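In case you want the letters, here they are:
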Amino acid sequence: MRRIGSTRLAAVACASVLALAASACGTSSGDGDGGGAKAGEKQGGFTAPDVPMAEAIGDPEGQVSILAWPGYAEDGSTDKSIDWVTPFEKESGCQANVKYFATSDEAVQLMKTGEYDVVSASGDATLRLIAGGDVAPVNTDLLTNYGDIADFLKDQQFNSVGGQMYGVPHGWGANLLMYTKDVVSPAPTSWGAVFDGASEYAGKVTAYDSPIYIADAALYLMKTQPDLGIKDPYALDEDQLAAAVDLLKAQKANVSEYWSDYLKEVAAFKSGDSVIGTTWQVIASTIGDSVEAVLPEEGSTGWSDTWMISSKAPNPNCGYLWMDYITSPKAQAAVAEYFGEAPANVKACDLTSEGFCDTYHVTDADYAAQIHYWTTPIEQCLDGRTDVTCTDYGQWTTAWTEIKG
Amino acid sequence: MTVLDRRPGLRVGLLLTPPMLWLGVAYLGALAALLIASLWTQNDFTGHIERSWTLENFKTLFTVDVYRTITLRTIGIAALVTVVDALLAFPIALYMAKVASPRMQRILVISVLTPLWASYLVKAYAWRGMLSADGPIAWIAAPFGLHTPGYGLPGVIITLAYLWLPYMILPVYAGLERLPDSLFEASADLGAGAWTTLRRVVVPMAFPAIVAGSIFTFSLSMGDYIAVKIVGGTSQLLGNVVYDNQGAANNLPFAAAVATVPIVVMLAYLAAVRRTGALENL
């Protein structure tokens, strides 16, 4: 199954590239090292198809179809006081039709229908949308708030190609290491506490339940076993994936349970069923003082979401107006506080509650640089290697099933 | 009306058309669509389904060890849950059918049904609390130097046995209720004690009803994934593999292939129990 998938992947990638097919399928321009380098320099054989970019924002069409993560486009229907869509509608004259999606894969599929104008895509979906020609390059000159977006979120390998942005950054967060202060001592500073040292808290360790968690193990191996040659936790060849799988299988013996629903993790830490494991800042804040969430010395994985516009958008003008509005300080502050993440627009910090932006390290570029943002693992190694084939998300999914056994 | 009065065939036909359409199109049709989807494959990059015929999904299912392990684990759990439920349900059903006063009988039937009125999720999360490290089970077990089983396969078996117990009690109760009291008297007249009557008269006659109940508990356990997510710790059953492949990886064809396993197991089970007369007891 996977073999066929991989072959097709290459075919699709090549076919989707019009202008630069040769370079896309053959050569690499990568120098591949670390995270945060300019796009295009280190995207392996990845080149975007030729999709035209908007030159100006015309008259609003009167409506816009928004595809969003739950919590990103609240119109007061969940909670009367949580509403930043209605002000947008009044301001722009665009009626907002919001559809929520549950997974990145669902977002990718829905965007292919061409019925939606904008999408809040996470890093594990963006490359697929760009490569498939489903989203258009974004003319950032048309967005009045773009200048206030933190620089370290721009021109990343998952939201731009060759220096051309494919959207506007919305918010980000890190996957942190959380532990119960009373039980776990001394305070851990390394992911080793949930890998090599996990047996100390056997039966009380927790981990994120998704194939993308393999990247957390890869990140740890990248720092502790340089011999494996891992340069990017999302670009693993078969040997490197096998090493990460072995590490996770060993970890499993000490894991109490995996979590994907964040309320489940809150409950597990409150009851003492879990005492150490991976988390989000919003979870640690919910639990309170009994736990501590730290960014370990190896850095961490994390997410960075981007508002992108469909290449077939029926209402591109309202789409641009939405992208500009949702990245305005006021909307950013509202979403960030409701959802629990760092806003991309640093001016939002003037409007958030006391201490919020410090907790989420909003303006801390050094902190953000230690985060390896979620990216779809694809066959063309994202770290720029061309002498090997990397493992794709399908193989990661299979591997995750095997890890859980 | 006169036409319908004169033509009984037409009358029956009109009466049966809507339910047969439902059964054929919506019910079995969805199942057929699933089976067809299992013969397709998925493009890993675009996430699109490739509609070309292939047995690759089934090949993966049979050749990768982890799926065999999960299948056997799922069947084992379903069988254990069924046995636990049968052992718990039989005395309760016997008391309800043959010992309790009519008033008590009604009260008991209602108490057996009551948990069915509460949401599945509430009950599963209640067991999450029970099994927790600071939950009631840990509290009761502590003085005896014991621990809560925690989250894992024992927790799954306990929770599923709790969830499906009414589906076992009610058919067994219905089956025992049909047993004429004269049989008990005849057995006593022939010199049998209570234990012998139970073993040689009641259990054999109630057996089809127990098997009927087991069809519910077994099939419901085979397909469950929510309880496993809530109290199962790190373990996974077939339902979780289906969910993960469809929900996370968006691989409908492979999820469909995995979903055929419980169908095949249930068909084999139904074929095996057909001769016990259990199907007449449903």
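Refer to the structure printed above.
Note that the coordinates shown come from a computational prediction; the quantities given were computed from them, not determined experimentally.

1. Points about the pairing of strand β13 (residues 300–310) of chain A
Residues and elements named next belong to chain A.
Here's step 1: Counting buried positions along β13 yields 11 of 11 residues, so the element is predominantly enclosed.
Here's step 2: Both strand β3 (residues 118–121) and β13 contribute to a ladder of four bridges, which runs antiparallel. By the bridge assignment, valine 118 is partnered in β13 with isoleucine 309.
Here's step 3: For strand β4 (residues 135–136) and β13, the ladder comprises two bridges, and the chain directions are antiparallel. Within β13, the position partnered with valine 135 by the bridge is serine 310.
Here's step 4: Bridge count for strand β7 (residues 168–174) against β13 is six bridges, and the pairing is antiparallel.

2. Observations concerning the state of the cysteines
All names here are of chain A.
Here's step 1: Taken as a whole and judged by the stated rule, the model has three disulfides over all chains.
Here's step 2: At a sulfur-sulfur separation of 1.9 Å, the disulfide partner of cysteine 94 is cysteine 318. For the disulfide bridge between cysteine 94 and cysteine 318, the dihedral angle about the S-S bond is near -80°, and by the sign convention the bridge is left-handed. Separated by 224 residues along the polypeptide, cysteine 94 in the loop between α3 (85–92) and β2 (95–100) and cysteine 318 in helix α10 (residues 316–326) bring together distant segments of the chain.
Here's step 3: Each disulfide pairs two cysteine sulfurs, and for cysteine 381 the partner residue is cysteine 390, the sulfurs being separated by 2.1 Å. With the S-S dihedral at roughly 105°, the linkage between cysteine 381 and cysteine 390 falls on the right-handed side. The two residues cysteine 381 and cysteine 390 agree in class, both being buried.

3. Quick notes on empty space enclosed by the protein
Here's step 1: Throughout the structure, instances matching the rule amount to five cavities of 30 Å³ or more.
Here's step 2: The wall of the largest cavity is formed by 14 residues, among which A:Asp209, A:Lys404, B:Lys229, B:Gly233 and B:Ser235 lie closest to the centre.
Here's step 3: Only β10 (255–259) of chain A together with α11 (226–231) and α12 (238–248) of chain B provide two or more residues apiece to the lining of the largest cavity.
Here's step 4: Taken together, the residues of the lining of the largest cavity break down into three nonpolar, six polar and five charged.

4. Quick notes on helix α8 (residues 262–271) of chain A
Here's step 1: Along α8(A), the residues classified as buried are A:Lys264, A:Glu265, A:Val266, A:Ala268, A:Phe269 and A:Ser271.
Here's step 2: After α8(A) finishes, the residue A:Gly272 shows a positive phi value of roughly 90°.

5. Some words on unusual backbone geometry
Outside of glycine, negative phi angles account for most residues, and trans bonds account for most peptide bonds.
Residue and element names in this part refer to chain A.
Here's step 1: A cis amide bond, omega 0°, links serine 185 with the succeeding residue proline 186.
Here's step 2: Mapping proline 186 onto the fold places it in the loop between β8 (176–180) and β9 (205–208).
Here's step 3: The backbone of aspartate 155 sits at a positive phi, close to 55°, despite the residue not being glycine.
Here's step 4: Following the sequence through the fold, aspartate 155 ends up in the loop between β4 and β5 (160–161).
Here's step 5: Phi is positive for histidine 361, close to 50°, though the residue is something other than glycine.
Here's step 6: Within the element layout of this structure, histidine 361 appears in the loop between α12 (356–359) and α13 (365–369).
Here's step 7: The exposure class assigned to histidine 361 is partly exposed, which follows from its relative accessible area of 26%.

6. Some details on the packing of helix α7 (residues 238–252) of chain A against helix α14 (residues 393–404) of chain A
Residue and element names in this part refer to chain A.
Here's step 1: Packing of α7 against α14 brings their axes to within 9 Å, and their N-to-C directions diverge by 30°. Regarding the angle of α7 to α14, the classification is roughly parallel. Note on packing geometry: the crossing formed by α7 with α14 is right-handed. Every residue of α14 that contacts α7 at Glu238, Leu241, Val245, Leu248, Lys249 and Lys252 is listed here: Gln395, Trp396, Ala399, Trp400, Glu402, Ile403 and Lys404.
Here's step 2: A class-by-class count of the residues in the contact of α7 with α14 yields seven nonpolar, one polar and five charged.

Cut-offs used in this document
- Residues numbered from 1 in each chain as written.
- Chains lettered and ligands numbered in written order.
- Predicted model: local features only at pLDDT ≥ 70, side-chain atom pairs only at ≥ 80, totals over all residues.
- Heavy atoms only, no water.
- Buried < 20%, exposed > 50% of the residue type's maximum accessible area, 1.4 Å probe, protein only.
- Helix = DSSP H or I, 4+ residues; strand = E, 2+ residues; numbered from the N terminus.
- Pairing = 2+ DSSP bridges.
- Disulfide = S-S within 2.5 Å.
- 1 Å grid on protein atoms, 1.4 Å probe; cavity = no way out; pocket = protein on both sides within 12 Å on 5 of 7 lines; lining within 4 Å.
- Points joined across faces, edges and corners; volume = space filled by probe spheres on them.
- Nonpolar A, V, L, I, M, F, W, Y, C, P; charged D, E, K, R; others polar.
- Axes fitted to C-alpha atoms, helices over the stretch in contact; angles between N-to-C directions.
- Parallel < 35°, antiparallel > 145°, perpendicular 65-115°, else oblique.
- Left-handed = near helix turned anticlockwise from the far one by under 90°.
- Contact = heavy atoms within 4.5 Å.

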